[in-house]
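Spelled out from the first residue to the last, the chains are:
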Amino acid sequence: YGQLGDGTTVGKSSPVQIDGSTDWARVSCGEYYTVAMKTNGSLWAWGYNNSGQLGDGTTTNRSSPIQIGGGSTDWVSVSCGGSHTVALKSNGSLWAWGANWYGQLGDGTTVGKSSPVQIGISTDWVSVSCGERHTVAIKSNGSLWVWGYNYYGQLGDGTTTNRSSPIQIDGSTDWA
């Protein structure tokens, strides 16, 4: 699907450099797709895009990196799930896109998005990590928040109920 980002859909058994750039800072891999951040804070994606997980407003697969977020350079971290992506901006806001079958985007719906949407209005997020179909994030006060698929209790809220909006786990504020 182009998840190697080298402009082809041909598998490789040895490492290949992506577009000759040497300014990549962070990377996260989902199922058949990749999202990476450059040192200037720009976010780039490539690979499988059936659910809009690349965040470019389409569901077109890409074999070369495309920039996400309309040229924004204020991204600080990114995490990929199976078919959804969540990223943190420098102002502490959290943004999500891609598949949303179980509420894994955290926007209160189960409707997929092919472009980044802000999760709520909070600007105190400091960390995020995506599972295959769920998301976990930490706020600056040390509180832990979860949303998405919960069939196996992976949200840790003592239930198996899916959540389409962030819920706090156990009231503790010592998560790091």
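Heads up: the structure comes first, above all this text.
Residues numbered from 1 in each chain as written. Predicted model: local features only at pLDDT ≥ 70, side-chain atom pairs only at ≥ 80, totals over all residues. Heavy atoms only, no water.

A.B. asks: Report on the overall build of the chain, specifying residues and quantitative values.
C.D. replies: The number of helices and strands found in the chain is zero helices and twelve strands. Starting at the N terminus and walking to the C terminus, you meet the elements of the chain as β-β-β-β-β-β-β-β-β-β-β-β. Against the 2.2 N^0.38 benchmark of 16 Å for 176 residues, the chain shows a C-alpha radius of gyration of 16 Å, consistent with a compact globule. Its C-alpha atoms put the chain at 45 × 30 × 30 Å along the principal axes. Burial status across the chain gives 44% buried among its 176 residues. (Helix = DSSP H or I, 4+ residues; strand = E, 2+ residues; numbered from the N terminus. Rg over C-alpha atoms; globule rule 2.2 N^0.38 Å. Buried < 20%, exposed > 50% of the residue type's maximum accessible area, 1.4 Å probe, protein only.)

A.B. asks: Tell me about the packing of aromatic side chains, residues and numbers included.
C.D. replies: The final tally for this structure, using the stated rule, is ten aromatic pairs. Between W24 and W46, the aromatic rings sit 5.7 Å apart at their centres with planes inclined by 65°, giving edge-to-face as the arrangement. Taken together, the residues W24 in strand β1 (residues 24-29) and W46 in strand β3 (residues 43-47) connect sequence positions 22 residues apart. Relative accessible area serves as the criterion here: at 25%, W24 is assigned to the partly exposed category. Consider the rings of Y102 and Y149, whose centres lie 4.3 Å apart with planes at 55°: the pair is tilted. Taken as a pair, Y102 in the loop between β7 (94-98) and β8 (113-118) and Y149 in the loop between β11 (144-148) and β12 (163-168) lie far apart in primary sequence, 47 residues in all. You can call Y102 partly exposed: its relative accessible area is 27%. Among the aromatic residues, those joined into a ring-pair cluster are Y102, Y149, Y151 and Y152. Positioned over the ring face of W24 is K38, at 4.8 Å from the centre of the ring. The positively charged end of K89 is found above the aromatic ring belonging to W75, 4.8 Å away from the centroid. (Phe/Tyr/Trp six-rings, centres within 6.5 Å; stacked < 30°, edge-to-face > 60°. Lys NZ or Arg CZ within 6 Å of the ring centre and 35° of its normal.)

A.B. asks: Give me the sheet that holds β1: which residues, what numbers.
C.D. replies: Ordered in space as β1-β2-β3-β4, the four strands form an open sheet in which the pairing is antiparallel. The open sheet has two edge strands, β1 and β4 (62-68), and neither has a second partner. Ignoring which end each strand starts from, the neighbouring axes of this sheet average 20° apart. Here five bridges tie strand β2 (residues 33-38) to β3, and the two strands are oriented antiparallel to one another. Bridge pairing in β3 places T34 opposite W46. (Pairing = 2+ DSSP bridges. Axes fitted to C-alpha atoms, helices over the stretch in contact; angles between N-to-C directions.)

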